[in-house]
Structure formats: C-alpha cells, structure tokens
Amino acid sequence: MTKEKSMDKETLIKATDAVKQYPQSFIHEYYVVDALQIIDDDIAARTDATDTLSVSVPTSALEDLSKLEWLPFVEDKNVSIEGDRLIFDWFTMPEDKTGFGIVAAEFVESLISALDAIDDPNPYSEELIAAMEDVRNGVNLLGPFKTMEEYWAALNDDEE
C-alpha cells in the first residue's frame with residue numbers, strides 16, 4: 001500500500017511559481033493541479049482532530065467571485081466569505097509547520113490574482129483543441145503527406 005502524498009511547502013512553492021509563470025493557463029499546469037489535488041485529498045481525509053490552516057484575502061482581490069468555480073479538484077471549494085474577506089479552509093498542516101503559513105498565503109494570493117486577471121480558464125481555441133484530439137487519435141493532419149519531409153518538400157516546391 002502506498003502512502004498518499006501530503007501537502008508540504010515545496011509543493012506549494014512549485015505551484016505558486018507555476019501560477020506566476022503561466023498566469024493565463026495556470027489551471028492546467030502540473031504543479032497547480034498537483035497542489036489542488038493534494039488539497040482536495042487532505043480535505044476529504046480530515047477529522048475533528050485535524051490541524052488546519054485557513055488563509056484569507058480581501059474580497060476585493062477577486063472582482064468576479066464566480067471565477068472560484070473554475071478551480072478544479074477542490075470539493076465544495078472550502079471557501080467562505082466573512083465580511084470583506086474570502087476565507088480558504090484548504091490547508092491541512094504538515095508536520096513541519098515552519099513557514100508553512102507564509103507559503104500557503106502566497107499560493108492563495110497568487111492563485112486569486114491570476115484568477116482575477118484571466119477571462120477564460122481555457123485559453124486554447126476550439127480549433128486547437130480539436131487538432132490536438134485529432135493528433136491523439138492518430139488523424140494525419142498533413143493531408144496527403146505521410147511524413148514531415150514530404151510536407152516540407154511540397155511546401156518548398158510551392159515557393160519556387
């Protein structure tokens with residue numbers, strides 16, 4: 001039996017870096033998905049004795065609160081509004097609590113900032129998604145050409 005992965009500072013740091021590096025597509029980034037999945041797993045495993053950490057940000061940090069629905073994997077989002085604060089009851093405290101609150105707060109702040117800045121959680125066009133599906137399903141996008149070399153040769157002939 002394998003032990004479930006639990007939240008740690010390194011996971012949150014990598015996820016925060018991914019949000020900052022890919023603000024328009026962070027929802028699809030591996031480290032962000034990994035962190036959100038661990039959060040969801042930790043929430044599901046909680047008991048009354050679980051030591052948790054809540055992180056809050058001003059409600060003004062996210063202009064459209066419905067964007068919270070874009071966050072995958074976090075069951076019921078474990079987000080509440082108290083006054084002018086959004087409260088994220090996401091984090092099960094790890095054994096090494098040193099600096100964990102700071103890292104968790106930075107992750108939430110980066111996530112909310114990125115959510116506020118994007119207009120669509122799926123930045124890929126329908127045509128691009130369809131083309132990626134075709135490639136995955138083995139459809140030849142080169143048309144009558146069987147290899148890239150044939151394609152480039154034909155393209156070069158057309159230019160001459």
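Residues numbered from 1 in each chain as written. Predicted model: local features only at pLDDT ≥ 70, side-chain atom pairs only at ≥ 80, totals over all residues. Heavy atoms only, no water.

> Explain the sheet that holds strand E1 (residues 52–58) to me, please; I cannot follow it from the model alone.
The pairing of strands in a sheet happens through backbone hydrogen bonds and is either parallel or antiparallel. Taken in spatial order, the three strands make up an open sheet running E1-E3-E2, and their pairing is antiparallel. Each having just a single partner strand, E1 and strand E2 (79–82) make up the two edges of the open sheet. Across the sheet, the mean angle separating the axes of adjacent strands is 30° when strand polarity is ignored. Where E1 and strand E3 (residues 85–92) come together, six bridges link them in antiparallel fashion. Paired with Val 55 across the bridge in E3 is Phe 88. (Pairing = 2+ DSSP bridges. Helix = DSSP H or I, 4+ residues; strand = E, 2+ residues; numbered from the N terminus. Axes fitted to C-alpha atoms, helices over the stretch in contact; angles between N-to-C directions.)

> Would you take a moment to explain the packing of aromatic side chains for this structure?
For any pair of aromatic rings, geometry is given as the distance between the ring centres together with the angle between the planes. Across all of its chains, the model carries five aromatic pairs by this definition. Ring centres of Phe 88 and Trp 90 lie 5.0 Å apart, and the angle between their planes is 75°; on these two criteria the pair is classed as edge-to-face. Comparing Phe 88 with Trp 90 shows no difference in burial state: the two are buried. An aromatic cluster is built from Phe 88, Trp 90, Phe 91, Phe 100 and Phe 107, whose rings are joined through pairwise contacts. (Phe/Tyr/Trp six-rings, centres within 6.5 Å; stacked < 30°, edge-to-face > 60°. Buried < 20%, exposed > 50% of the residue type's maximum accessible area, 1.4 Å probe, protein only.)

> Quick question: what am I supposed to make of the nonpolar core here?
A general feature of soluble globular proteins is that nonpolar side chains tend to end up buried together. Residues Leu 12, Phe 26, Ile 39, Trp 90, Phe 91, Phe 107 and Val 108 are the most contacted members of the largest nonpolar core, which totals 35 residues. Elements supplying a minimum of two residues to this core: helix H1 (9–21), helix H2 (30–44), E1, E3 and helix H3 (100–117). In terms of residue count, the dominant contributor to this core is H3 (10 residues). (Core = buried A, V, L, I, M, F, W, Y, C linked by side-chain atoms within 4.5 Å.)

> What exactly am I supposed to notice about the packing of H1 against H2 here?
Each pair of packed helices can be described by the angle between their axes along with the distance between the axes. With their axes 8 Å apart at the nearest point, H1 and H2 run at an angle of 135° to one another. Comparing their axes, H2 and H1 come out oblique. The two elements H1 and H2 cross, and the hand of that crossing is left-handed. Between H1, through Thr 11, Leu 12, Lys 14, Ala 15, Ala 18 and Val 19, and H2, the contact on the second element is made entirely by Tyr 31, Val 32, Asp 34, Ala 35 and Ile 38. Its residues placed into classes, the contact of H1 with H2 shows eight nonpolar, one polar and two charged. (Parallel < 35°, antiparallel > 145°, perpendicular 65-115°, else oblique. Left-handed = near helix turned anticlockwise from the far one by under 90°. Contact = heavy atoms within 4.5 Å. Nonpolar A, V, L, I, M, F, W, Y, C, P; charged D, E, K, R; others polar.)

> What am I meant to see in unusual backbone geometry here?
Among all residues except glycine, the phi angle is most often negative; among peptide bonds, the trans geometry is most common. Of note, Asn 78 is a non-glycine position whose phi angle comes to about 45°, a positive value. In this structure, Asn 78 sits in the loop between E1 and E2.

> Mind showing me how you'd approach the environment of Pro 72 here?
Tracing the chain through its elements places Pro 72 in the loop between E1 and E2. The spatial distance from the C-alpha of Pro 72 to the C-alpha of Gln 37 is 8.3 Å, given a sequence separation of 35 residues. Setting aside residues no more than four positions away along its own chain, Pro 72 makes contact with Ile 27 and Leu 36.

> When you look at H3 in this model, what are you seeing that I'm missing?
Helix length check: H3, at 18 residues, gives a terminal C-alpha distance of 26 Å against a target of 26 Å (1.5 Å per residue), a fit within 8%. Elements that come into contact with the buried residues of H3 comprise H1, H2, E1 and E3. (Expected span 1.5 Å × (residues − 1).)

> Would you take a moment to explain the environment of Asp 76 for this structure?
Here Asp 76 shows up in the loop between E1 and E2. Note: C-alpha distance between Asp 76 and Asp 40 (36 residues apart in sequence) is 9.4 Å.

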